[in-house]
Amino acid sequence: AQSVTQLGSHVSVSEGALVLLRCNYSSSVPPYLFWYVQYPNQGLQLLLKYTTGATLVKGINGFEAEFKKSETSFHLTKPSAHMSDAAEYFCAVNDNNDMRFGAGTRLTVKP
Amino acid sequence: DAEITQSPRHKITETGRQVTLACHQTWNHNNMFWYRQDLGHGLRLIHYSYGVQDTNKGEVSDGYSVSRSNTEDLPLTLESAASSQTSVYFCASSGTVGGNYGYTFGSGTRLTVV
């Protein structure tokens, strides 16, 4: 079965700095990959997804992620962090409606 | 607007009691899922359904059951609540066969078993 590993349970950046959240996956088939964001006391919200085609995908709020098959990675980036980006971020891999989530990375943004 | 709603938002129950958490979606999605979220574990799948009268076990299904009598609802029942089932529970739905457009999540139910 597929699985996801998120490197770093907590990431702290300064406002305006680069955000990099790491995700590696394992899958026996070409994967569908996702990043979700969770704000306090809320459900998960889809940030972006990779299904097929272009390996660099853009999402909401200025986030983007690049699918690298050779590295089995799908890291999430944002050039300049904003205070409102503070949240929990989950990487996920989906194989035929079997969505597996990573343990999550909590992003803190310092003023 | 279409939505997915969970109720209650918070629930405290005693060990051994039966508890039912509600999930209702107006997306007309065939696929519905229940996850639990625990610190350090991310989200783990409890049960899922691909349509009316269809239910399937996920990776952490022991002690839980679901039923699907219509498209809109997938209630989750804890047969005899245990302290290990204290968690935040999320319902999700998907309209595509393979889920390749992602899932839509409810706001969650925080359950405490005392």
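Figured I'd write up the structure that's included with this text. A quick note: this is a predicted structure, and the numbers were derived from the prediction, not measured.

## Considerations on the interface of chain B and chain A
Then comes step 1: Contact residues are listed per partner, giving 25 residues for chain B and 21 residues for chain A.
Then comes step 2: Counting each side, the surface lost to burial between chain B and chain A is near 1600 Å², with a carbon and sulfur contribution of 50%.
Then comes step 3: If you sort the residues of chain B by the area they bury against chain A, N100(B), Y103(B) and F105(B) come out on top, with a joint share of 29%.
Then comes step 4: The interface formed by chain B and chain A holds 0 salt bridges in total.
Then comes step 5: Here chain B and chain A share 4 residue pairs in polar contact (both at pLDDT 80 or more) between them.
Then comes step 6: Looking at the side of chain B that touches chain A, the elements that each hand over two or more residues are β4 (31-38), β5 (42-51) and β9 (87-94) of chain B.
Then comes step 7: The leading source of residues in the side of chain B that touches chain A is β4(B), at 4 residues.

## Focus: the sheet that holds strand β8 (residues 76-78) of chain B
Residue and element names in this part refer to chain B.
Then comes step 1: If you trace the 4 strands from one edge of the open sheet to the other, you get β1-β3-β8-β7, paired in antiparallel fashion. Only two strands of the sheet have a single partner each, and these edge strands are β1 (4-7) and β7 (64-66). On average, each strand axis in the sheet is inclined to that of its neighbour by 20 degrees, with strand direction left out of account.

## Quick word on the state of the cysteines
Then comes step 1: Across all of its chains, the model carries 2 disulfides over all chains by this definition.
Then comes step 2: Residue pairing for C23(A): its cysteine sulfur links by disulfide to C91(A), the two sulfurs lying 1.9 Å apart. Judged by the sign of its S-S torsion, about -65 degrees, the cystine formed by C23(A) and C91(A) is left-handed. Of this pair, C23(A) sits in strand β3 (residues 19-26) while C91(A) sits in strand β9 (residues 87-95), placing them 68 residues apart in sequence. Exposure class is identical for C23(A) and C91(A). Each is buried.
Then comes step 3: Sulfur-sulfur distance for the disulfide between C23(B) and C91(B) comes to 1.9 Å. Handedness here is read from the sign of the S-S torsion; for C23(B) and C91(B), about -70 degrees, the answer is left-handed. Residue C23(B) is located in strand β3 (residues 19-25), and its partner C91(B) is located in strand β9; the two are separated by 68 residues in the primary sequence. Here C23(B) matches C91(B) in class, with each residue buried.

## Topic: the pattern of salt bridges
Then comes step 1: Taken as a whole and judged by the stated rule, the model has 7 salt bridges over all chains.
Then comes step 2: One salt bridge connects D85(A) with K78(A), and the closest N-O pair in it is separated by 2.8 Å.
Then comes step 3: K78(A) gets classed as buried once you look at its relative accessible area, which sits at 10%.
Then comes step 4: The salt bridge involving R36(B) is made with D38(B); its shortest N-O contact spans 2.8 Å.
Then comes step 5: One salt-bridge network, in which partners are shared between bridges, spans R36(B), D38(B) and R44(B).

## Comments concerning unusual backbone geometry
Then comes step 1: A cis amide bond, omega -10 degrees, links S7(B) with the succeeding residue P8(B).
Then comes step 2: Within the secondary structure layout, P8(B) lies in the loop between β1 and β2 (10-13).
Then comes step 3: Of note, N61(A) is a non-glycine position whose phi angle comes to about 60 degrees, a positive value.
Then comes step 4: Within the element layout of this structure, N61(A) appears in the loop between β6 (56-58) and β7 (64-68).
Then comes step 5: By relative accessible area, which is 42% here, N61(A) ends up partly exposed.

## Comments concerning the sheet that holds β3(A)
Residue and element names in this part refer to chain A.
Then comes step 1: Ordered in space as β1-β3-β8-β7-β6, the 5 strands form an open sheet in which the pairing is antiparallel. The two strands at the open ends of the sheet, each matched to only one other strand, are β1 (3-7) and β6. Strand-to-strand, the axes of this sheet are offset by a mean angle of 20 degrees, without reference to chain direction.
Then comes step 2: Sheet analysis places β3 next to strand β8 (residues 73-78), joined by 4 bridges and oriented antiparallel. Its bridge partner being in β8, L20 is matched across the sheet by T77.

Parameters at a glance
Residues numbered from 1 in each chain as written. Chains lettered and ligands numbered in written order. Predicted model: local features only at pLDDT ≥ 70, side-chain atom pairs only at ≥ 80, totals over all residues. Heavy atoms only, no water. Contact = heavy atoms within 4.5 Å. Buried area = accessible area lost by both parts, 1.4 Å probe. Salt bridge = Lys/Arg side-chain N within 4 Å of Asp/Glu carboxyl O. Polar contact = N/O pair within 3.5 Å; in protein donor to acceptor, adjacent residues only side chain to side chain. Helix = DSSP H or I, 4+ residues; strand = E, 2+ residues; numbered from the N terminus. Pairing = 2+ DSSP bridges. Axes fitted to C-alpha atoms, helices over the stretch in contact; angles between N-to-C directions. Disulfide = S-S within 2.5 Å. Buried < 20%, exposed > 50% of the residue type's maximum accessible area, 1.4 Å probe, protein only.

Nothing here speaks to function; it is geometry throughout.
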